[in-house]
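Single-letter residue listing:
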Amino acid sequence: DQLFMSTHVVGSPFTISTEPAATDFATSIIYGEGLTIATAGVPSSFTVQVKDAFNNLRKQGGDQVQSQLASVGTGAVVSPKVVDNGDGTYTGSFMPSVQGLYDLSVFLGSSIKTSNVLVEPGQVCSATIYSNGLALTVATAGYTATFTIQSKDAFQNLRTLGRDRKSTRLNSSH
């Protein structure tokens, strides 16, 4: 007795095409430098790649991806712009102006993905640098006199990282 027999099916092989199922945000991924670190005054971005429940990449747009960036220190909220690239990816972009730690939330419906973003001060802005100390007005020859120079960026964020190059010129009134 033989139940099955191996025979050629007329017209085979057949071509079939499959499409991913509906977007499942739990399997979707977000990536990019803008998820962890940013610089005040410099555009930053991240990418969302949507997938279905079976981990297949979605190759079309149309999902309502949104995002929010909230300062941990002040609670100030920024809504990064999210662009549908039409290919299953979405690009979120923002340009922070205040240094500090932020919570980035990316939403699709009621589903959410989060990340902590550290915003560092921008480049030194000479117009915002200030100096402080008695030695700026009074000093005695032969003795050490000290003063402090504080660097800031264009958004008034204190520069506390790196080595900023400064030059100081002393002028005598005599």
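This one's a predicted model, so the numbers in the text were calculated from it and none came from an experiment.

> Break down the layout of surface pockets for me, citing the residues and quoting the values.
It is a probe the size of a water molecule, rolled over the atoms, that shows where empty space is left. The volume enclosed by the largest pocket comes to roughly 220 Å³. A135, L136, T137, V138, A139, A145, F147, L170 and N171 are the residues that line the largest pocket. Of the residues that constitute the lining of the largest pocket, the class distribution is seven nonpolar, two polar and no charged.

> Quick rundown of the packing of aromatic side chains? Include the residues and the values.
Considering all chains together, one arrives at zero aromatic pairs under this definition. Across the ring face of F25, the terminal group of K113 is positioned such that the distance to the ring centre comes to 5.6 Å.

> I'd like to hear about unusual backbone geometry, residue by residue, with values.
The phi angle of most residues is negative, glycine excepted, and most peptide bonds adopt the trans form. At the junction of S12 and P13, the peptide bond is cis and its omega measures out at 5 degrees in the coordinates. One can find P13 in the segment before β1 (29–31). Of note, N55 is a non-glycine position whose phi angle comes to about 75 degrees, a positive value. You can see N55 is positioned in the loop between β3 (44–49) and β4 (65–71). Even without glycine at this site, Q156 takes up a positive phi of about 70 degrees. The topology assignment puts Q156 in the segment after β11 (148–150). Residue classification places Q156 among the partly exposed positions, given a relative accessible area of 45%.

> I'd love a proper account of the sheet that holds β1, names of residues and values included.
On the basis of which strands lie adjacent, the open sheet formed by four strands has the order β1-β3-β7-β6 and antiparallel pairing. One side of each edge strand has no neighbouring strand; the edge strands of this open sheet are β1 and β6 (81–84). Neighbour to neighbour, the strand axes of the sheet diverge by 20 degrees on average, direction disregarded. Two elements, β3 and strand β7 (residues 89–94), share six bridges in a ladder whose sense is antiparallel. The residue of β7 that forms the bridge with S44 is F94.

Conventions used here
Residues numbered from 1 in each chain as written. Predicted model: local features only at pLDDT ≥ 70, side-chain atom pairs only at ≥ 80, totals over all residues. Heavy atoms only, no water. 1 Å grid on protein atoms, 1.4 Å probe; cavity = no way out; pocket = protein on both sides within 12 Å on 5 of 7 lines; lining within 4 Å. Points joined across faces, edges and corners; volume = space filled by probe spheres on them. Nonpolar A, V, L, I, M, F, W, Y, C, P; charged D, E, K, R; others polar. Phe/Tyr/Trp six-rings, centres within 6.5 Å; stacked < 30°, edge-to-face > 60°. Lys NZ or Arg CZ within 6 Å of the ring centre and 35° of its normal. Helix = DSSP H or I, 4+ residues; strand = E, 2+ residues; numbered from the N terminus. Buried < 20%, exposed > 50% of the residue type's maximum accessible area, 1.4 Å probe, protein only. Pairing = 2+ DSSP bridges. Axes fitted to C-alpha atoms, helices over the stretch in contact; angles between N-to-C directions.

Worth remembering: the numbers are spatial, not functional.
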